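Now for the letters of each chain:
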There are 2 protein chains.
Amino acid sequence: MNMTDPRTMANAIRFLSIDAIERVEEGHPGTPLGAADTATALFTRHLKFNPKDPLWFDRDRVVQSNGHGSMLLYSLLHLSGYEKITLDDIKRFRELGSHCEGHPEFDPSCGIEVTTGPLGQGIANAAGMALAEAFLREWLGWDIIDHYTYAFVGDGCLQEGVGQEVISLAGHLGLGRLIFLWDDNRMTDDGVIDLALSDDMAARFRLSGWHVQEVDGHDIDAVSAAILLAKKDPRPSMIQCRTVIGRGLPQVEGTRAAHSARIFREGADAARQYLGWPHAPFEIPEETLHAWREAGRRSLPEYEAWQSRVDALPSEQRRLLDRLREGRLPDGWDEPLRALRERAAREPSAEFGIKLSGDIVDLLTDAIPELISGAPDLEGATKHKRALAPFTASDHGGRYVHYGIREHAMGAMQNGMAAHGGIVPVGVTYLVFSDYMRPTLRLAAMMGLPVPFVFSHDSIGIGRNGPTHQPVEYLASLRAIPNMLVLRPADAVEAAECWEIALANRTGPSCLIFARQPLEPVRTDGSGENRSRRGAYVLLEAGNGPRQVTLLATGSEVGIAVEARRQLESEGVPTAVVSMPSWELFEAQDAEYRKEVLGRGTVRVAVEAAVRLGWDRYIGEDGGFIGMSGFGASGAETDLYEHFGITPGKVVEEVRKRLKSRSS
Amino acid sequence: MNMTDPRTMANAIRFLSIDAIERVEEGHPGTPLGAADTATALFTRHLKFNPKDPLWFDRDRVVQSNGHGSMLLYSLLHLSGYEKITLDDIKRFRELGSHCEGHPEFDPSCGIEVTTGPLGQGIANAAGMALAEAFLREWLGWDIIDHYTYAFVGDGCLQEGVGQEVISLAGHLGLGRLIFLWDDNRMTDDGVIDLALSDDMAARFRLSGWHVQEVDGHDIDAVSAAILLAKKDPRPSMIQCRTVIGRGLPQVEGTRAAHSARIFREGADAARQYLGWPHAPFEIPEETLHAWREAGRRSLPEYEAWQSRVDALPSEQRRLLDRLREGRLPDGWDEPLRALRERAAREPSAEFGIKLSGDIVDLLTDAIPELISGAPDLEGATKHKRALAPFTASDHGGRYVHYGIREHAMGAMQNGMAAHGGIVPVGVTYLVFSDYMRPTLRLAAMMGLPVPFVFSHDSIGIGRNGPTHQPVEYLASLRAIPNMLVLRPADAVEAAECWEIALANRTGPSCLIFARQPLEPVRTDGSGENRSRRGAYVLLEAGNGPRQVTLLATGSEVGIAVEARRQLESEGVPTAVVSMPSWELFEAQDAEYRKEVLGRGTVRVAVEAAVRLGWDRYIGEDGGFIGMSGFGASGAETDLYEHFGITPGKVVEEVRKRLKSRSS
C-alpha cells in the first residue's frame, strides 16, 4: 500500500479517531470517520494555512460546525502540524487538561477557530467570518485579505433554525468566499434522517442563491474538484458530500449506532482489518505523517509572498493592519466618549436611552473604521445606523448589516466576525429578543470574544407594546452568564462610560442595555474617572448626617432612587444613592470598597424594574426590593410604573417600614 | 354603497384599527389594514367558530402570528360578536386594563388563542395545534374532532429560524389542517423586504411539501376560493396573499412608514375620503355590524350538530371528552407515581437521573393517554420514548414526535398543543439546549400553559462533552422567569414527587431538570406526603444537639451535602441537610416555615453545581456557596467535581471556616 496515498492519509484521521474514542470509551466516531476523506481533500489540496503560524491573518478559516465529531478536527490539526495539538493530547481525548476536549474549544493558536457543539452555531460563525473577510478585502485590498471560510456541516446544523437563517442570509449577502462541506450521511442521532426531514436540502440552498454541487464524499478527487469550482463561483457554495456515517467501522458504518457508538477493542481491530491498517493504536506510519506535514507546508510560498507584501506596505497601512490583527482599537478611540460625557454633564438633558447609544455609535463609527453595525429589522427603533451604508451583495464595503428578522444569525455572525478578527461587530435589538440569540451570547462569553451586544427597550418602560416586549427576567438571566459583562447605564454620562468599558473589554462580550424611554440626567460629573468602571459607586452620599439608608438602583430606576432620596432627606433621613451599572465589575472590587458602597449597617433598598433574583446579595436579609414580581402589562409607561409600584413613593415607604422595624 | 358588501365589512376592520391607533397615538396599522380583506374572507366564509361559546372544543383555531398587527384580531373578534372584546376595549387599545393590549394576550374565552408578538412563535404554536387536532381526530374520531388551524403570518415569522423549522416540520409531519395566510406585502420595519431576503418563499414552502397558492390578498373572492382549495388539499397549505401594507391610508400605503406609522387626524380623515367611509370614529354602520354578527353565527348549525353528536356519545366517551376539554388528568393518574416513590424508598438504588424521568414518563404514558412525548433528535439520550409509536405523516395516532434538531419548534409546538387543549405535551432535551427554545419557555409562563418541559444533562456531571454541554447558568436563568416552576429532584423519590407536582400544575409550565449521572438515593420515606411540594424541606435534621449548620442543596448535589453532613456530625457539629427541589414552591410557603427550614442563626452553606446567582437569598450575608463560578471543562465527571471543588470535603471546609469566624 502507498503510505502517502490520500486514502491512507484519510485513514490516519480515522484511526486517530478510533483509537482516541476507544481509549476513553466515548465520543462520536460517525463524523470523523465519515468525513475523513472530504476533510483530507480540503486540507491536503486547498486549505491556505500555516500550522507554524496559526494566527496568520490571511489564512483560510475552517470551522467544524458539527463539533461533536471533534476528533476530525483534532486529527487534522495534529497531522498537519499544529504543535499545540500533540499526540498525547489526542491520547488523552476528553480528559481533563487535554487540548482535545469533547467539543472543540476556541483556541486559534492551535487552529480551533471557534467553539462548536451547539448545532448551527458554527455555520453562522463561519458566515460572520466570511462577512469579515469580504469587508476587510474591500477595505484593505486583495493583496492583504484574500481567503476562504470553510465549514464542516452536519445535518443538525441545517435543521436548526439558526442554520436556516444563515442559509438565507449568506446567500442574500453574496458571501462568495463561504464554502460548506455538508457531511450528507442521511443519519442523525435518532436514526435515518427521514424520521424528521423531507426537505430537499440542496434545493433549499439553491433557493437562497447558493452554488450547490453533489459529490461522493469518499472520492477525494471529486471533492477536490468540487472545492475548486466552489472557490471560483461568486456565490456561497454548498458541497453536498454523500458519505457513509462511521465509514470504516464494519459493524456500525452506515447505521444509527455509528453516530455516538462506543468503540470496543474488537471494533477497532475489525476496522484495522477492514481498512488494511496494520499499525498499533495511535501509531501513524512515518511516511503518512510526513505526507501530512508536507500538506501543512503547502501554503508556505503563499504565506511568504503575503509576508513580503505586508513588509512592503506603506507604514501607515502597515500600522493599520497590525492594529487590526492584534485587535487593538485606534489611538484616541475613546476621546469622543470622554468629550460626550463632559458635554452631557455640562448640559444635562433627558434623552431616550437607546438614542443615547445610537449617538455614541455614531461617534464611534467615525473613530473606529472597523466597526460594523447592524440590527435584525429594527433599524428605525434602535437608531444604530445613521450614515452607514448597508453591507450588501453588491457592496461589501458597507458597514451596516440588515440581518432581517434573524436575531440568532446576527448574534452568531457577530461572534464569527470577532473570532475572525479585525472587526468590532456591533449588533442591536430589543432586550426581549436577546432570548432568540441566547445560545450565541453564551458562546461569546465562553470563547471570551470581545463582542458588544446592544439591547434596547429594557423594561416595562417601553409601555404599550405589553408584556411580550417587556423584559423583566433578562437582567438576571444575562447576569447569570459567566464572563458576560452586563452594563445598564442610568443616563448619558453612564452611557458613554459603559460604552467605553464595553469596547475596552477585550476578553469577553458585553451586553449594553438601554431604556427606550428618556433617561433623566443623574450625573453632574463627566470629566473625571470613569466611575462606572467600578460597577457600582455612591452617586449621591447622604447629606444630612451619617448615612442611614442606601438606595441601590440601575438604569432608568436610578432617577427614581434620586427622587426618593430627595424626599427622605427632606424628612431628615440621611440617604445615599448607589448607581450599579454593572454587578460583575462591582464584584471585582475589593471587599472594603464593596462594603463602603453598600453602606455598613444601613437600611438598604434596591430599585430595578425587573425581577428580584440576585439582589439579595446586595440588600441583605433585611433589605427591601422595589421591582417586578411577574410579567408586565400593556399601557402607558407612567401608568405601568405606577401600577407595578415602582415609584419614589414606594421606595420611601419601603425605607420607612424598615427604619421603623429597626427602631422598634 | 352596499353596507354589507364584503369590502365594506373589511373596511370596518380598517377603521376600527385606524381610529384605535390614531386615538392612542401608536400601534401598527400596516397589518390590520393590509390583511383586512384576507381576514374578512376567512371569518365570513370559512371559519368554524361560535363567538357565544368561544371555547367550543371543535372550533377552528386562529392564530395571529404577526401579533404587532393586533388590531386586526381585535376588530375581527369584536365585529363577529365576542362579547369580551367590547368597543370600549378597542377605544382603549393599548391602555392599561383594556382587553386590547399592544399584542394579543392569551385568552381563549375571547378568541385569543395564544399570546403573540415575538415573531415566529405563533406559526409554531399553530403547528402544535394542528398536531393536537390531528392526534385527537385520529383518537376520538371525525365526529368529535374535525377542525382547521389558521394563522395570519407576516414576513418576520417566515424569516425567523423557528419559522423555518416549522415550515420543514409541519410539511414533514403532514399537518394537512394547517393553513397559513401569508400577508405578503414585501415590506418590513427596515423597508422593502429585499433588504434582507432573496428567497422565493413560495418555493421554500413547496420544498417542504406544502400546498402553495398565490392570490391577490385584497380580492376576497379569490382568497376565499384559495382557502377552499387549501382545506381540501391533504398537505399543509400556505396561501400567499399579495397585499399592500397599510392599504387605505393614502399617504403611507405600500411604504415602509405604514408598518408602525403614527396615524394623525388628517391621515384618518384622508383614509375616510379614500375608502368612502363617512362614519364617525369608532362608528360601525348598523347594517355592517349586523352582517358581521351574522358571520359570527354562520357556524351555528355545525355547532349544534356537534353538540348533538356529543350528547349522543356513550357515557364513557363523553366523560373522556369532557375530561380532555376541561384539561383534567384521568382519575388515578398519580397512582403509579406514588407507587414508584414507595418502591424507590423501599429499594433504594442509584439511578441515572434522566432514566428515572424516562421510567416515570413510561408509567405516565399508560396512565395518561393524551400524553404526547418527543425530543429534538435525542431519543436515545433522553429515554422518553420507549413503547410509543412515532407521530408521522402516515400515522397521526402516534404519540412520540421526532422533532428533528429543532428545539425551538418543539417548545413552541408544545405550547400550541397545550393551548389547543386535550394534550399533555412532554418535550425533552438537554438543559443547555433550553436556551434554543427560551422564547417559548417565557411565553408558556406568560400564558400560564401547563407544559412539562423536561431537561436532562443538567450540570458538569455530564462530564466529557465539555463546557458547551454543561449548563452552569441555566438554573438561575430559568428561576428568573416569572410563573415558571423549576424542579430539580435529588433522587428517585423526589423525581416522582416533582413529576407529580409538574403535572398537577395547571396554571403554568414546569421545567423538570434531571442529571444524566446516577443519583444516589437520599430519601428513605416514599409513602407519606409529597415533601417536594413545599419546595424545600429538612431532609436530615441535625442529630447531635441543636442545629448549628444548615446545608442547602438541590438535585445531584444533595448527595454531596448528605456526605458532608455525615463528616460534620462525626466531628460533633449538629448539621441539617435541606433539599430544595423548587425555589418557587419554597417562596410560596409562609415565613415561619421558611425560617424554620433555613435554620435560624445557623451557619448556612449551599451546594449546587451551578452559578451562585440567587442563592444569597437563602444563605444570607454570612453564608457560603459551593458551586461554579465559570464555565465547565471536558473531563470525567468525578474529575470535574474534584477540579471545581464541589465535594463533601469542600463543603465541610467552608462550614468549618464559618464556624471559626463566628466563634472568634
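Computed from a predicted structure; not experimentally measured.

For the rest of this paragraph, the subject is the nonpolar core. Among the nonpolar cores identified, the biggest contains 276 residues, and A:F180, A:L551, B:F180 and B:L551 are the most heavily contacted of them. Sequence-distant contacts of A:F180, that is, excluding residues within four places in its chain, are made with A:I123, A:A151, A:V153, A:V166, A:F205, A:W210, A:S237, A:M238 and A:I239.

Attention now goes to the interface of chain B and chain A. How big an interface is tends to be stated in terms of accessible area lost as the parts join. In this assembly, 99 residues from chain B lie in contact with 99 residues from chain A. Summed over both sides, the interface of chain B with chain A buries roughly 8,000 Å², with 54% coming from carbon and sulfur. Inspection of the chain B/chain A interface yields 12 salt bridges. Taking the shortest distance from any N to any O, the salt bridge between A:E473 and B:R442 comes out at 2.7 Å. The biggest single contributor to the side of chain B that touches chain A is helix α8 (residues 161-172) of chain B, with 7 residues. Among the residues forming the side of chain B that touches chain A, the class breakdown is 36 nonpolar, 32 polar and 31 charged.

Our next topic: unusual backbone geometry. Notably, A:N483 is not glycine yet its phi reads approximately 65°, a positive angle. Mapped onto the elements, A:N483 comes out in the loop between α20 (474-479) and β14 (485-487). On the accessibility criterion, A:N483 (43% relative accessible area) is partly exposed. You will see that B:E25, though not glycine, has its phi angle at about 70°, which is positive. One can find B:E25 in the loop between α1 (6-24) and α2 (30-34).

Below, the discussion takes up the UniProt feature "binding site: thiamine diphosphate" (unreviewed entry) in chain A. The UniProt record annotates "binding site: thiamine diphosphate" (unreviewed entry) at A:H68, A:G117, A:P118, A:L119, A:G156, A:N185, A:H259 and A:F433. Spanning 366 residues, the annotated positions stay apart in the fold, the maximum distance between their C-alpha atoms being 34.3 Å. In this structure, the second largest pocket is lined, among the annotated residues mentioned, by A:H68, A:G117, A:L119, A:G156, A:N185 and A:H259. For A:G156, the position within the fold is in helix α7 (residues 155-159). Its relative accessible area of 9% is what places A:G156 among the buried residues. Residues within four places of A:G156 in sequence aside, it is in contact with A:L119 and B:I405. Turning to its location among the elements, A:H259 is positioned in the loop between β7 (237-242) and α11 (265-275). Leave out the neighbours within four places in its chain, and A:H259 touches A:H28, A:P29, A:G30, A:H68, A:D189 and A:I245.

Attention shifts here to the packing of aromatic side chains. All names here are of chain A. Summed over the entire model, instances satisfying the criterion amount to 40 aromatic pairs over all chains. Ring centres 6.1 Å apart and planes at 90° place the aromatic pair F180 and F205 in the edge-to-face group. Of this pair, F180 sits in strand β3 (residues 178-184) while F205 sits in helix α9 (residues 201-207), and the two are 25 residues apart along the sequence. The exposure classification of F180 matches that of F205, with both residues buried. An aromatic cluster is defined as three or more aromatic residues linked by ring pairs; in this entry it consists of W583, F586, Y593, W615, Y618 and F625. Across the ring face of Y400, the terminal group of K385 is positioned such that the distance to the ring centre comes to 5.7 Å. One Lys or Arg, R479, reaches over the ring of W583 and ends 3.8 Å from the middle of that ring.

On to the relation of the copies chain B and chain A. You can overlay chain B on chain A at an RMSD of 0.0 Å; the transform is a turn of 180° with a shift of 0.0 Å along its axis. Within this description, the copies of the chain are treated as partners about a two-fold rotation axis. Closest approach to the rotation axis within chain B is made by the C-alpha atom of B:G161, at a distance of 1.8 Å. Here 100% of the contact residues of chain B are again contact residues in chain A; the copies associate through an equivalent surface.

Cut-offs applied
Residues numbered from 1 in each chain as written. Chains lettered and ligands numbered in written order. Predicted model: local features only at pLDDT ≥ 70, side-chain atom pairs only at ≥ 80, totals over all residues. Heavy atoms only, no water. Core = buried A, V, L, I, M, F, W, Y, C linked by side-chain atoms within 4.5 Å. Buried < 20%, exposed > 50% of the residue type's maximum accessible area, 1.4 Å probe, protein only. Contact = heavy atoms within 4.5 Å. Buried area = accessible area lost by both parts, 1.4 Å probe. Salt bridge = Lys/Arg side-chain N within 4 Å of Asp/Glu carboxyl O. Helix = DSSP H or I, 4+ residues; strand = E, 2+ residues; numbered from the N terminus. Nonpolar A, V, L, I, M, F, W, Y, C, P; charged D, E, K, R; others polar. UniProt positions renumbered as here; feature names shortened; annotations may be inferred. 1 Å grid on protein atoms, 1.4 Å probe; cavity = no way out; pocket = protein on both sides within 12 Å on 5 of 7 lines; lining within 4 Å. Phe/Tyr/Trp six-rings, centres within 6.5 Å; stacked < 30°, edge-to-face > 60°. Lys NZ or Arg CZ within 6 Å of the ring centre and 35° of its normal. Least-squares fit on C-alpha atoms with pLDDT ≥ 70 in both.

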